[in-house]
Every structure is written in structure tokens, then in C-alpha cells.
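Structural overview for review
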Amino acid sequence: MIKVTFPDGAVREFALGTTGTTIVEGISKSLAKKTVAMRWNGELADLSDVLDADGKIEFVLRDDPAALELIRHDAAHVLAEAVQELWPDTQVTIGPVIENGFFYDFYRAEPFSEDDLRVIEKKMEEIVDRGAEFTKEVWDREEAKKAFSAKGEQFKVELIDAIPDDQQLKIYKQGQWFDLCRGPHMRSTKDVGKAFKLTKVAGAYWRGDSNREVLSRIYGTAWAGKDQLDAHLHMIEEAEKRDHRKIGQEMDLYHFQHEAQGSVFWHPKGFVMYNQMEAYIRRRLNASGYKEIKTPQLLDNKLWEKSGHWQKFRDGMFVVPDEIPSMEEGKPIVSMDANLLALKPMNCPAHVQVFNQGIKSYRDLPLRLAEFGCCHRNEAHGALHGLMRVRQMTQDDAHIFCRIDQIQAETEKFCALLDSVYEDMGFTEVRILLATRPETRAGDDSVWDLAEKSLGDALSATGRKFEIAEGEGAFYGPKLEFHLKDAIGRSWQCGTLQLDFVMPERLDASYVAEDGSRQRPVMLHRAILGSLERFLGMMIESYAGRMPLWLAPVQVVVATIVSDADDYAQEVVADLRAKGIRAEVDTRNESINYKVREHSVGRVPFIFVAGRREAEEKTVSIRQLGSQGQTVKPVDEAIGELVRDVTPPDLKRKAA
Ligand SMILES: [Zn+2]
Ligand SMILES: [Zn+2]
């Protein structure tokens, strides 16, 4: 007999060799009907697994969030079967679960087209309807290789060879079709349901190696129900409409080009936004006791060795020889034996250098050093994505050097500032994760205890809800992650606060304590926006380009209806500019409708229309972006209102 513990704590005995299926069926028919898998001692497992020792059982129902991963995994198997049924000469490779769905890579002379996807979906539905049971078998290695060779599946044979000898070779069957797989799976293909859609095809290399075969990848998304699928597809559609790369072009904000991959060319309009954002953060930091510094771009690799980046992060750095390049024809440009410098991938070690100047006393702490640090990271070309993933980024970075007993107060202050900044940006939903000690870590457990507690206490003391991300902290300390929800429900990790016990040690930062002893400060790495580039990209998408007025590159365009109003329009623009409003004039010989349409595409929040009558009466007809009507106001009144509205939120508060 074995003892099985249920989630409510009840313990019951079962015959050795019983299965999850037997147990759930013994409890109730209706529960059994909804249960697609189980957790055995915390691990997801096949419901049909034989239980051969005491343990804890939890049933996974099909509508549990935990079942989503299984639905997607099983859908990948169904996709592979469908493809091979339709095109038997196709070889299968791998098909993992990804965010919101799954993909499967196939080897085939002709890559799949978008048109194939609908055909494959039909076949997948057929397979779901067949409801073939998923059954697991453990195969002998040679037997498995023979079976896959016989099917012409060379990639699977290669995968088997890569599995360590001490690991079981598991095969999952669904009807006649089978695949090499770690599992677990749900009960049958029926459990996949029909809330799935194949979304796109792409090329991929076998094992990500550009010297190997080119595969055809099919992406899909799968959900528990139709409503969730529809919501997701709608979100994707919205996201495409809001793509910052498209809007960035329409608004003429910036561009990228081949010669500077992953580095932004900010255009005048985009750089207005960038500068406004930087100025805003600078004001907030100044008012919160930070001191701004600027540190070098290029630093000797000896410093990176000391900080540990050279050993751990070098493949993410741009390394430059410290020598004058040769101009001699035919000779190598660099000798390769000069000292090496690296473009900084982060600002932290440089900030410790500033801290280390002169002797610091406990009275100097906390010391908060801020920098709009321009950092370079050597990301692969394929990983770059508009403003969201760049190689040159500017962080709203700061490091707080403090004593351990100051961590909680500093964390509370930081969270208050962060909340206020996010609110000013229009984000009110913030999810907080507290990432705790990982298995391999530096520092004593007593220090970790105190650090984790300080972070948790700071959040609790200020009434913030947070989730624990067990073991996800950095090796040098625990951290907080702040995730924002945007206008279409997507989550973005922006803010971070990371405790660091290691870098002050490595770079020999110290202060004189009250008792005269030398102590190590704790270092808090913290950012609110993250990178300015990415945050602006996220703002553009969340607002669909209709930025808050204070950030809008052009706040108002004065557009004429007739050339008789040209002089008046120029006067109005001059008045607007004199009041600090970003105004442009449009006196082109085009119809007013044409002008309005064009400035709407450029997301200009206000258009002041000026015709003969407005010029005579000193008024403007105001059109607001996104609304149909227009209101006529005396020009002074219109300008006065705008002056109030364009004021950045922090300055508005100050004035109030
Ligand atoms: Zn599988
Ligand atoms: Zn840092």
C-alpha cells in the first residue's frame, strides 16, 4: 500500500501501482471528467502514471492556468501529426511551448506558406475529434533509433544521441503517431480543444546553427477556450496597429539603418520626447536626493575583470583595442597586442569608482548616484527589435550606497518615487515580484535573510502587494521587479531594484562606521523606466502614438484655410512659442481637410484652424486629435488653456 496526501491534507491509502486516473475516478465522475493531469509531489505528471511510493497528489483541471502549458504542448504534437498526415515526406524536429502558444520546426524541401496554415488547422481539428489517447512508453535507445530511422526521421535520431545515457527515452503515442518527448501530456487529443490558431511561418536553423539545415517553423497559439483565444487574437491585432516601428515612422520620430544596427537615429521630433522624458526624470531624481554624475564610455578591461563582468558577460560587450589604428596599406589595422577597453554594458563599476574617491563616513550614507548612462550591449542582430531591443541604450540608472539597516527605508522611498513616476506616465497597474536567493549565490545566509526581509517589509509597510519569485534573485542579491500593464493588457518589466553585496566587495568600496571600523556599503542598483528607448517604445504603443500632451513632439499646428490668414497664423505661432509651447505653422496651399488628415497621422494633439474670419476676430477654431467637432475660442484664451495643459505633471503639482 502507499499513502497519498490530498491538497486538503487528507491522507488515504491505495494499492501500490494505482494511477492518478484510478484515484480521481474513485473520487467523483464529474471531477474525473474535468481532470487532465496531476501534480505528483509538486511536479506535473501524466494522470495515467503509476504511483509507486507515498506522495502528494493534486489534480490539474482543464481550466486551471497550469493546464495551459499542457494544452499548448499537446497542440504542438497534434500539429506535427497533422503535418505528417498531409505531407508524409516531412521530417519532424522539435516543438516547444512558448509564451501564448507553441511552435514546431519541420524539415521539408519546400517551406510552408501562410496558405498551408488553414489546411493544417482543419487536419488538426480532425485529430482532436479523433480523441486518440496519449500513451507513454519507455524505449530502449537502439530500438528507438531504429524506429525513427525507419520513418526517415534523422533529426530525432540525432536528438536521441544527445540524450544522456542515464536518462530514460520516453515516447508518447497518439494513435499511430508517436514522438520522442519528456511529457507530460493530457489524456487524449480531445483535451487540446479547438481554441487554437496557427499564426505564422518562419525559417529557422536546426539547433539554431546557421551551418545546419534550414527548417520551416510553424507558430501557433492555443488557449483553454474560444473567448481567451479571441481576446488574444484581438490583442495581437491591436498590438500590430500600435507597433512603435510603424507609428515611429508615421510620426517621424527616429530611424534605424544597417550601418548602426540596434542604435537609434533620433529625429528632431523623437528627440523632443526623449529630452522631455530625461528632463522629467532628472527633476524627480533631484527632488529625491539623488546626485547626478557622468562616467566614461570606455573602460579598461582590468576594471571589468575586477567587477566580474569580463568573466561572466564579455560576450555581451563591445571590446576595443587601446591603440592607434595603422594607416599602412595592406597591414593589419590593429596589432591585437594592445590593452583592451570595453564600452560599458552597465554603469555600476564606474559608479563605485566615484564612490571610492575620498573617505566616506556613515554620515555620507545613503549616497544616491544617478546617471543617464549610455550603455552598449552586443546583442545578436536577429534579437534586435526597434526601440524594444537595442544595442545602445540609455538607462535612468542610479546606485544607492547604504548601510544594511537603511535598505528598508531606501526601498520604501524608491517605491514611492516609482509609483508616482508611473502614475505620471499614465500607468496605474504595477505588478511587483520579489526575487529571492538562487541556489548558487555569494554572501552569508544571514545577510540574505535580512536583505529579503527588508525588501518584503518595505513593500508590506507601504501596503503594496507582491509575489515571490522563488530562487530568481541574482547571485549577488535579491531584487524587486516592477511590471507595468499597458493599454492593451500587455505586461512590461520596467523598474528594478537590486541589492548587491558583491560588487562593493569586489571593487573595494567601504565607509567608516560610527565605531571607526571599515564597513562595506550595500549597493542598490535601481531604475524606474529601465531604458529610455524601450520605455518610449512602450509608451508609443500603449498610447498608440497619442502621447500625453507634455510629451507630444509637436503640441499644436496652426493651419490656415486661406492664404489671407497666413500672417495671422504666423503671429499665433509666435505667441505660442513665446509661451513655451511646441507649435508649428502649416500655410501650405492645401485644403484644410488634407492638412488635418496629415497632422492626425502625425498624432498632433491640437490643430488651430485659422481662416479669414478667425484672423479678423482674433480667434482660432480648435480641433482636438480624435474628436470630430471643433470649438471657436479667442486666441488668448486658447493659448492660456494650452499653457496649463502642456505643463509636465510634476511641474503642474508644484504650481498647484
Ligand atoms: Zn511532447
Ligand atoms: Zn547597476
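Because the structure is a prediction, the values reported are computed rather than measured.

Time to look at the coordination of the zinc ion (ligand 1). Protein coordination at the zinc ion (ligand 1): the donors are H73 (NE2), H77 (NE2), C181 (SG) and H185 (NE2), at 1.9 to 2.7 Å from the metal. Metal-centred angles of 83 to 135° between the four donor atoms at the zinc ion (ligand 1) mark the site as irregular. For the zinc ion (ligand 1), all donor residues lie on one chain, and their spacing in sequence is H-x3-H-x103-C-x3-H. Linking H73 in helix α3 (residues 65-86) with C181 in the loop between β11 (177-180) and β12 (196-205), this pair joins segments that are 108 residues apart in sequence. Across the pair, exposure class does not vary: H73 and C181 are buried alike.

A separate point is the UniProt feature "binding site: Zn(2+)" (unreviewed entry) in the protein. On the UniProt side, "binding site: Zn(2+)" (unreviewed entry) is annotated at positions that read C348, H399 and H525 here. Annotated residues spanning 178 residues; largest pairwise C-alpha distance 7.6 Å, indicating a single compact cluster. Here C348 lies in helix α12 (residues 348-355). Given a relative accessible area of 5%, C348 falls into the buried group. Once residues lying within four places of it in the same chain are set aside, the contact partners of C348 are H399, M503, M523 and H525. Here H525 is to be found in strand β28 (residues 522-531). The contacts of H525, once residues within four sequence positions are left out, are C348, A398, H399, Y476, T496, L497, Q498, D500 and M503.

Another aspect to go through is the packing of aromatic side chains. This model, assessed by the stated rule, comprises 19 aromatic pairs. Here the aromatic rings of F427 and F535 are separated by 6.1 Å at their centres, their planes lie at 80°, and the arrangement is edge-to-face. In this pair, F427 is assigned in the loop between α13 (407-425) and β22 (430-435) and F535 in helix α16 (residues 532-542), connecting sequence segments 108 residues apart. Looking at F427, the relative accessible area reads 3%, which means it is buried. Members of the aromatic cluster, joined through ring pairs, are Y254, F256, W266, F271 and Y274. Across from the ring centre of W223, 4.5 Å away, lies the NZ or CZ of R72, which sits over that ring.

The next thing to look at is the domain arrangement of the protein. Along its sequence, the protein is organised into domain 1 (2-61), domain 2 (66-232), domain 3 (265-322 + 339-536) and domain 4 (554-655). Here the C-alpha centre of domain 3 lies 45 Å away from the C-alpha centre of domain 1.

Now for unusual backbone geometry. Residues G183 and P184 are joined by a peptide bond in cis, for which omega reads -5°. Note that the residue after L365, namely P366, is joined by a cis bond; omega there is -5°. Residue position: P366 is located in the loop between α12 and β20 (367-376). You will see that N41, though not glycine, has its phi angle at about 50°, which is positive. Mapped onto the fold, N41 is located in the loop between β3 (35-40) and β4 (43-45). Taking the relative accessible area as the measure of exposure, N41 reaches 47% and is therefore partly exposed.

Its location among the elements puts D46 in the loop between β4 and β5 (55-61). A relative accessible area of 4% places D46 in the buried class.

Within the protein, C348 (SG), H399 (NE2) and H525 (ND1) serve as the donor atoms for the zinc ion (ligand 2), at 2.0 to 2.3 Å. Between the donor residues of the zinc ion (ligand 2), the gaps in sequence give the motif C-x50-H-x125-H. With C348 in helix α12 and H525 in strand β28, this residue pair connects regions lying 177 residues apart in the sequence. Here the two residues C348 and H525 agree in accessibility, since each one is buried.

Let's shift gears to the packing of helix α9 (residues 268-286) against α13. At their nearest, the axes of α9 and α13 sit 11 Å apart, and the two run at 150° to each other. By the criterion of interaxial angle, the relationship of α9 to α13 is roughly antiparallel. Of the two possible hands of crossing, α9 and α13 adopt the one that is right-handed. Residues M277, Y280, I281, R284 and L285 of α9 pack against L417, S420, V421, D424 and M425 of α13.

In the numbering used here, UniProt assigns the feature "domain: Aminoacyl-transfer RNA synthetases class-II family profile" (unreviewed entry) to residues 243-548. Annotated as residues 243-548, this span is 32% helix and 25% strand, and its ends, taken at the C-alpha atoms, are 18 Å apart.

Glancing now at the nonpolar core. Judged by nonpolar contacts, the single largest core of 59 residues is most densely connected at M277, V421, Y422, M425, F482 and F535. Sorting elements by how many residues they give to this core places α13 first, with eight residues.

The eight strands are arranged β16-β20-β21-β28-β25-β24-β22-β23 in an open sheet whose pairing can be described as mixed. Every interior strand has two partners, whereas the edge strands, β16 (291-292) and β23 (467-469), have only one. Pairing between strand β25 (residues 491-500) and β28: five bridges, direction antiparallel. The residue of β28 that forms the bridge with T496 is A527. Each of β16, β20, β21 (392-402) and β28 touches α9; the most contacted strand, β20, lies at about 160° to it.

About the thresholds
- Residues numbered from 1 in each chain as written.
- Chains lettered and ligands numbered in written order.
- Predicted model: local features only at pLDDT ≥ 70, side-chain atom pairs only at ≥ 80, totals over all residues.
- Heavy atoms only, no water.
- Donors = N, O, S within 2.8 Å, 3.2 Å for Na, K, Ca; no water.
- Tetrahedral: all angles 85-135°; square planar, octahedral: opposite > 155°, others 65-115°.
- Helix = DSSP H or I, 4+ residues; strand = E, 2+ residues; numbered from the N terminus.
- Buried < 20%, exposed > 50% of the residue type's maximum accessible area, 1.4 Å probe, protein only.
- UniProt positions renumbered as here; feature names shortened; annotations may be inferred.
- Contact = heavy atoms within 4.5 Å.
- Phe/Tyr/Trp six-rings, centres within 6.5 Å; stacked < 30°, edge-to-face > 60°.
- Lys NZ or Arg CZ within 6 Å of the ring centre and 35° of its normal.
- Domains from an automatic or database assignment.
- Axes fitted to C-alpha atoms, helices over the stretch in contact; angles between N-to-C directions.
- Parallel < 35°, antiparallel > 145°, perpendicular 65-115°, else oblique.
- Left-handed = near helix turned anticlockwise from the far one by under 90°.
- Core = buried A, V, L, I, M, F, W, Y, C linked by side-chain atoms within 4.5 Å.
- Pairing = 2+ DSSP bridges.

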